[in-house]
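So you can see what is in the structure, the chains are spelled out below.
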Amino acid sequence: HGLEVFSLKDPRKPEFLGRTKFPKYYSRDGYDMWTPVAAGGSMVCCADTFNGVFLVDVSNPREPRTVARHHDLVSGVAVVDDVIYAACPKAGLKVLSAPSLVRHCTPDRGTPTVLPPAPTPVSDKSRIYHPGGQVWSVDFCRDHAVIAAGSAGVRVLELWPQVREIAKLETTGFAVHASIAGDRVYVSENTAGLSIWQHAGDGELQPLGRFQAPRNASVRQTMVYANGTRAVIQTGNTFRVLDVTDPANIKQIASHKVKIIYGDQMSHWDLGNRYAAVWGHVVGVRWLDFEASGKAINTGVNLTDRYSFFAGIAAVGDQFLCTSHGAY
């Protein structure tokens, strides 16, 4: 809720100059957009969601100040001469008159500063492997590492005595997560869904089945529970519980919808092959019971009122270890 000004005179060390603050108003109503737009001269037009539109004068960059404001829920702004167009999710498009205050401008971006890549220190104790794509996740099957490598698919590595690629799997979609249960590999392939593979030894993966989420929603992560009979996938803002007993006939049997799923928001491992936990950002941790049937798996029981995507949960013996805010 505000605008900060930095000097880029030395782009390696941006210098903070000053800030102005907007009111501390926030609503958990699903809108979360923030936009600063150059508005000519020393003006910056800011969209601050529920706070509305602010015009900030930065002629003195150490003391920027608000000179005008329009109250309404706003998701974005565009500036032309003397006029601001405000996209208001509930009121529609608004045209705000700001004569002599704003004008359309195309910023002179100058010549981009080219910074050389930072050297990567490598010690004699380190071994580095580049799969050709992004490394999204790593899990282990027997003595092999299985890497979800984005556009490079899935790579299977031998780690000792040297890092050596022993198998490569070209996936249908981007391989954004790989998890292992026994000798089965569960690959989250974004909009291509979930695929299940049998690790046949020496890194060879044989296809067993595939699950496509409703409306081809992106599958970003999969965790496997209950002795490999249940999987929970993240799609959009929904956790979907799947019966994966028969990989060739995967069925959704329960779900739990939250407001926001940013990423790794499921418990690692379960308790007694029965209980797991999932959570959305700033909502409670939901208790799952895999010995229940169908929709009853999602028990409706929250272990906490709120939890953050910065936190984590892992099964340790017969308890869940829950980390949050530097504590547990």
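The shown structure was predicted, so the numbers you read here are calculated from the model rather than taken from an experiment. (Residues numbered from 1 in each chain as written. Predicted model: local features only at pLDDT ≥ 70, side-chain atom pairs only at ≥ 80, totals over all residues. Heavy atoms only, no water.)

1. A closer look at the pairing of strand β7 (residues 76-80)
For step 1, the next point in the chain: Two strands pair when backbone bridges link them, and β7 and strand β8 (residues 83-88) are joined in this way by 5 bridges, in the antiparallel orientation. Across the sheet, the residue bridging to glycine 76 is alanine 87, located in β8.
For step 2, the next point in the chain: Counted along the chain from β7 to the antiparallel partner β8, the turn is 2 residues long, and its residue aspartate 82 has a positive phi close to 65 degrees. (Pairing = 2+ DSSP bridges. Helix = DSSP H or I, 4+ residues; strand = E, 2+ residues; numbered from the N terminus.)

2. Examining the packing of aromatic side chains
Pairs of aromatic rings are described using the distance from one ring centre to the other and the angle between the two planes.
For step 1, the next point in the chain: According to the stated counting rule, one finds 10 aromatic pairs in the structure shown.
For step 2, the next point in the chain: Ring geometry for tryptophan 287 against phenylalanine 320: centres 5.9 Å apart, planes inclined by 80 degrees, an arrangement best described as edge-to-face. Of this pair, tryptophan 287 sits in strand β23 (residues 285-289) while phenylalanine 320 sits in strand β26 (residues 319-323), and the two are 33 residues apart along the sequence.
For step 3, the next point in the chain: Site record: aromatic cluster; members linked through ring pairs are Tyr25, Tyr31 and Phe50. (Phe/Tyr/Trp six-rings, centres within 6.5 Å; stacked < 30°, edge-to-face > 60°.)

3. Re the pattern of salt bridges
For step 1, the next point in the chain: Here the structure, examined in full by the defined rule, presents 12 salt bridges.
For step 2, the next point in the chain: Where glutamate 15 meets arginine 62, a salt bridge forms, and the shortest distance between an N and an O atom there is 3.6 Å. With a gap of 47 residues between them, glutamate 15 in strand β2 (residues 15-21) and arginine 62 in the loop between β5 (53-57) and β6 (65-70) connect regions that are remote in the sequence.
For step 3, the next point in the chain: The exposure class of glutamate 15 is partly exposed, given its relative accessible area of 40%.
For step 4, the next point in the chain: Residues aspartate 57 and arginine 65 are paired through a salt bridge, measuring 3.7 Å at the closest nitrogen-oxygen approach. (Salt bridge = Lys/Arg side-chain N within 4 Å of Asp/Glu carboxyl O. Buried < 20%, exposed > 50% of the residue type's maximum accessible area, 1.4 Å probe, protein only.)

4. Let's talk about the nonpolar core
For step 1, the next point in the chain: Core analysis: the biggest nonpolar cluster contains 16 residues, and Tyr225, Val232, Phe239, Val241, Met266, Leu288 and Phe290 have the highest contact counts within it.
For step 2, the next point in the chain: Contributions of two or more residues to this core are made by β18 (219-225), β20 (238-243) and β22 (275-279).
For step 3, the next point in the chain: Non-local contacts of tyrosine 225, meaning those with residues more than four positions away in its chain, are made with Arg230, Val232, Met266, Ser267, Trp269, Asp270, Ala276 and Phe290.
For step 4, the next point in the chain: In this structure, Leu55, Val77, Ala98 and Val102 belong to the second largest nonpolar core, which totals 15 residues. (Core = buried A, V, L, I, M, F, W, Y, C linked by side-chain atoms within 4.5 Å. Contact = heavy atoms within 4.5 Å.)

5. Section: the sheet that holds β7
For step 1, the next point in the chain: Read across the open sheet, the 3 strands follow the order β7-β8-β9; overall the sheet is antiparallel. Each edge of the open sheet is held by one strand with a lone partner, namely β7 and β9 (92-97). Strand-to-strand twist in this sheet, taken as the mean axis angle between neighbours without regard to direction, amounts to 20 degrees.
For step 2, the next point in the chain: Bridge count for β8 against β9 is 6 bridges, and the pairing is antiparallel. (Axes fitted to C-alpha atoms, helices over the stretch in contact; angles between N-to-C directions.)

6. Observations concerning the environment of glycine 41
For step 1, the next point in the chain: Structurally, the position occupied by glycine 41 is in the loop between β3 (34-38) and β4 (43-48).
For step 2, the next point in the chain: Along the sequence, glycine 41 and asparagine 60 sit 19 residues apart, while their C-alpha atoms lie 12 Å from each other.

7. Here's the deal with the sheet that holds strand β24 (residues 298-302)
For step 1, the next point in the chain: Strand order in this open sheet of 3 strands is β22-β23-β24, and the pairing throughout is antiparallel. Each having just a single partner strand, β22 and β24 make up the two edges of the open sheet. Across the sheet, the mean angle from the axis of one strand to that of its neighbour is 30 degrees, orientation sign disregarded.
For step 2, the next point in the chain: In terms of strand pairing, β23 meets β24 through 2 bridges, oriented antiparallel. From the neighbouring strand, arginine 286 faces β24, where its bridge partner is asparagine 302.

8. A closer look at the environment of leucine 169
For step 1, the next point in the chain: With respect to the helices and strands, the residue leucine 169 is situated in strand β13 (residues 164-169).
For step 2, the next point in the chain: Residue leucine 169 is classed as buried on the basis of its relative accessible area of 12%.
For step 3, the next point in the chain: Between the alpha carbons of leucine 169 and glutamine 206 there is a distance of 9.6 Å; along the sequence they are 37 residues apart.
For step 4, the next point in the chain: Residues contacting leucine 169, with those up to four places away along its chain left out, are Ala152, Gly153, Val154, Trp197 and Leu205.

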